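What the coordinates show
Each chain, written out:
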Amino acid sequence: MPSILLVPIPPVTMERITSLRLPLQSIFDTDTVIDASIHLDIIAALDMYRNQYNSSILLASLKERFPQHEGKILGVSEVDFFVPVLTYVFGEAQLNGTVAVVSVYRLDDTLYGLPENPRRLNERLVKEAVHELGHTFGLYHCLDYDCVMHSSTTVEDIDIKRDNFCPACSRAVKRHLHARS
Amino acid sequence: MNGKPVRQNSILIVDDEIVVRDSLSKWFKQDGYRVDSAEDAAHALKKMSCGPWDIILLDIKMPGMSGLELQKHLHEIDSASTIIMITAFASVESAVQALKEGAFDYVTKPVDPDHLSHLVQKAIQHKKLADENAQLRQHITEITRGEDIVGNSPQMKKVIELAKTVAQTDTTAMIRGESGSGKEIIARAIHANSARRYFPIIAVNCGAVPETLLESELFGHEKGAFTGAQFRRKGKFEMADGGTIFLDEIGTISVKMQVQLLRVIETKQFTRVGGNEVIASDFRIICATNHDLEAAVKAGTFREDLYYRLNVFTIFIPPLRERKADIPLLARHFLTRYTISMNKPVKDISPDAMDMLVRYDWPGNVRELENVIERAMVLAAPPSIRPDDLPFQLIPKHHAPADESIDAVEKAHIEHVLAKYGWNITHSAHVLDIDRVTLYNKIARYGLVKP
Ligand SMILES: [Zn+2]
Ligand SMILES: [Zn+2]
């Protein structure tokens, strides 16, 4: 059974990484381990003009750092991500591949002028982590608004979906897990 | 269902920059589109033979033939393709020109992903694929939510019947009943049986949102609308587009909010706080209250016109003590739920424990019953819940503190919940619906100590 590797991409607190371990382990029903042994240089992904970080570059360097890993790799950071043509992304993944990244940055209510809400922040992070990992399991966006694979372009979209897969997406993940084991 | 549509919608991306082609291709592939890209006019024209393309995203500024020029050729080859122009901020003027030539719309680089996704969806619908999408949604037949059980007493059968009746219409529904009686479950049942079920139901507890934030909660706000608002926020009415908005505790909203609500109900339009853009949303309203709205109307604290707008079809949920026949069914339903979530082999409720459950008055209704079962599950020794696991004999009914300030009541309530759950912080926080840090803070603030 392929495992999930959680990799901190500083700046990010260890607490944040740890909070993802159990939810991911139970949702994917697979071992989830933290690997803080490498230091990924986030500056390589910085776009000085936009003051944001290119998540595609982070994906590529993650893949380079773990060439042999059998399972999935999720990098977690606290900086603002973008991909070239879009103003921002919450995360990015390699479709049907091995690597994914998510950021806490835009999930924080205080950036929307709202009171701090650590619990909601955490729920959003879990959903985005599951969503991006879902793409690495070959899943496309799902029409079911309740399903974690439903496309979310705003935090409000994230809030209405659950942190888990609909039955069809869930079957697709299981097929993928078994095909690899 | 897993994203691949029955007939995949297709997008052709024409842009000379490889990063733009790559990131847009990837983005739309994840959305289940068939995607291809071209780096210039010549390649784009060649790719037209691999069409039809539902949508063509076209960069205005390219070396060689410009996007504006190419637009005409593409339109000649396939007039059914919807063209969306991509432009750098500097060339908005040519984008406007493109619109005159028949482009559907334009976006400026870098593109707001939420805007792009809505634009593309709108374009697809524009192409009369709306029907196909609707059919597609019909295929989502699997129920992803666990069936909510409400009871099978004659009173509740009547409630369900009414819910199903009103679900067939698009009428505003009002659900009334005591706190904890399951008004939201009925709202969800109405939504789930309505034609809007493939769009979300968005719940707002009007009583739980501070007055200063309610406007932004309902209508959203633009970036910079107030201090700290670095980003735009979508409001609940915008999120409910196509679906249902459930306004709980409607009786608590201020007169100012009532005016705004009345306007949005009448026009189905609103603007975000701090913004001018008029947003249209197609929603159905279900509201709920445990207040005496009629008295509030008489007292002048609830607008009469809004009252009549909302009070079109009313469903009353009887309190649990008036439908004791439902208690065993509900208790077993919660038992099963917690057996699974706690992974504990407590599979039954002993007859004498069940008897106590049935005889109790349930001032907190179904929610209280659920909490009692959850707590009993923590205490119970397998295989069943026994009278000792129930809190009734231990806790005197309603011991209201002499000091009736909010702080005193909160302190007493927290103390009560902590005692009830043996000072299990995680559990108590869950029941109180606050996070653990907040609970620790409150324990410290009120100087509560574990016995
Ligand atoms: Zn996605
Ligand atoms: Zn799904």
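Note that the coordinates shown come from a computational prediction; the quantities given were computed from them, not determined experimentally.

So, about the environment of L432 of chain B. Residues and elements named next belong to chain B. In this structure, L432 sits in helix 17 (residues 425-432). Separated by 15 residues in the primary sequence, L432 and V417 place their C-alpha atoms 7.8 Å from one another. Sequence-distant contacts of L432, defined by excluding residues within four places in its chain, comprise H413, I414, V417 and L439.

Moving on to the coordination of the zinc ion (ligand 1). Residue and element names in this part refer to chain A. At this site the zinc ion (ligand 1) is bound by H131 (NE2), H135 (NE2) and H141 (NE2), with donor distances of 2.0 to 2.1 Å. Each donor residue of the zinc ion (ligand 1) belongs to the same chain, with the gaps between them written as H-x3-H-x5-H. An identical accessibility class is assigned to H135 and H141; each is buried.

Let us look at the packing of aromatic side chains. Residue and element names in this part refer to chain B. Under the criterion given, the structure shown has 13 aromatic pairs over all chains. On the numbers, 4.6 Å between centres and 90 degrees between planes, the contact of Y360 with W362 is edge-to-face. Overall, the relative accessible area of 15% leaves Y360 in the buried class. Taken together, the ring pairs connect F219, F237, F270 and F283 into an aromatic cluster. Between the NZ or CZ atom of R34 and the centre of the ring of W53, over which it lies, the distance is 4.5 Å. Against the face of F283 rests K268, its NZ or CZ located 4.5 Å from the ring centre.

Residue and element names in this part refer to chain B. Across chain B, pLDDT averages 85, with 90% of residues at or above 70. Between residues 1-5, whose pLDDT stays under 50, and residues either more than four places distant or in other chains, the model counts 20 contacts. This stretch, residues 138-146, has a pLDDT under 50; its non-local contacts, to residues over four places away or in other chains, come to 18 contacts. As a predicted assembly, this complex carries a pTM of 0.75 together with an ipTM value of 0.79.

All names here are of chain B. A sheet is described by the order of its strands in space; here five strands give the open sequence 2-1-3-4-5, paired in parallel fashion. Two strands lie at the open edges of the sheet, namely strand 2 (34-38) and strand 5 (105-108), each paired on one side alone. Recorded for the sheet is a direction-independent mean angle of 20 degrees between the axes of neighbouring strands. Bridge analysis of strand 4 (residues 82-87) against strand 5 gives four bridges, and the strand direction is parallel. Bridge pairing in strand 5 links T87 to T108. Where helix 3 (residues 67-77) meets the sheet, it contacts strand 1 (10-14), strand 3 (55-59) and strand 4, and its direction lies at approximately 155 degrees from that of strand 3. Against the sheet, helix 4 (residues 92-100) engages strand 4 and strand 5, with an angle of about 160 degrees to strand 5.

Looking now at the sheet that holds strand 8 (residues 99-103) of chain A. Residue and element names in this part refer to chain A. Here we have five strands laid out as an open sheet, ordered 2-1-5-8-7, and mixed in their pairing. At either end of the open sheet lies a strand with only one pairing partner, and these are strand 2 (32-34) and strand 7 (91-93). Strand-to-strand twist across the sheet, computed as the mean angle between neighbouring axes with direction ignored, equals 20 degrees. Where strand 7 and strand 8 come together, three bridges link them in antiparallel fashion. For E92, the partnering residue across the bridge sits in strand 8 and is V101. Sitting on the sheet, helix 2 (residues 55-65) touches strand 1 (4-8), strand 5 (72-77), strand 7 and strand 8, and the angle it makes with strand 8 is about 135 degrees. In this fold helix 3 (residues 118-136) packs onto strand 1, strand 5, strand 7 and strand 8, with an angle of close to 160 degrees to the strand it touches most, strand 8.

Rules behind the numbers
Residues numbered from 1 in each chain as written. Chains lettered and ligands numbered in written order. Predicted model: local features only at pLDDT ≥ 70, side-chain atom pairs only at ≥ 80, totals over all residues. Heavy atoms only, no water. Helix = DSSP H or I, 4+ residues; strand = E, 2+ residues; numbered from the N terminus. Contact = heavy atoms within 4.5 Å. Donors = N, O, S within 2.8 Å, 3.2 Å for Na, K, Ca; no water. Buried < 20%, exposed > 50% of the residue type's maximum accessible area, 1.4 Å probe, protein only. Phe/Tyr/Trp six-rings, centres within 6.5 Å; stacked < 30°, edge-to-face > 60°. Lys NZ or Arg CZ within 6 Å of the ring centre and 35° of its normal. pLDDT = per-residue confidence, 0-100. Pairing = 2+ DSSP bridges. Axes fitted to C-alpha atoms, helices over the stretch in contact; angles between N-to-C directions.

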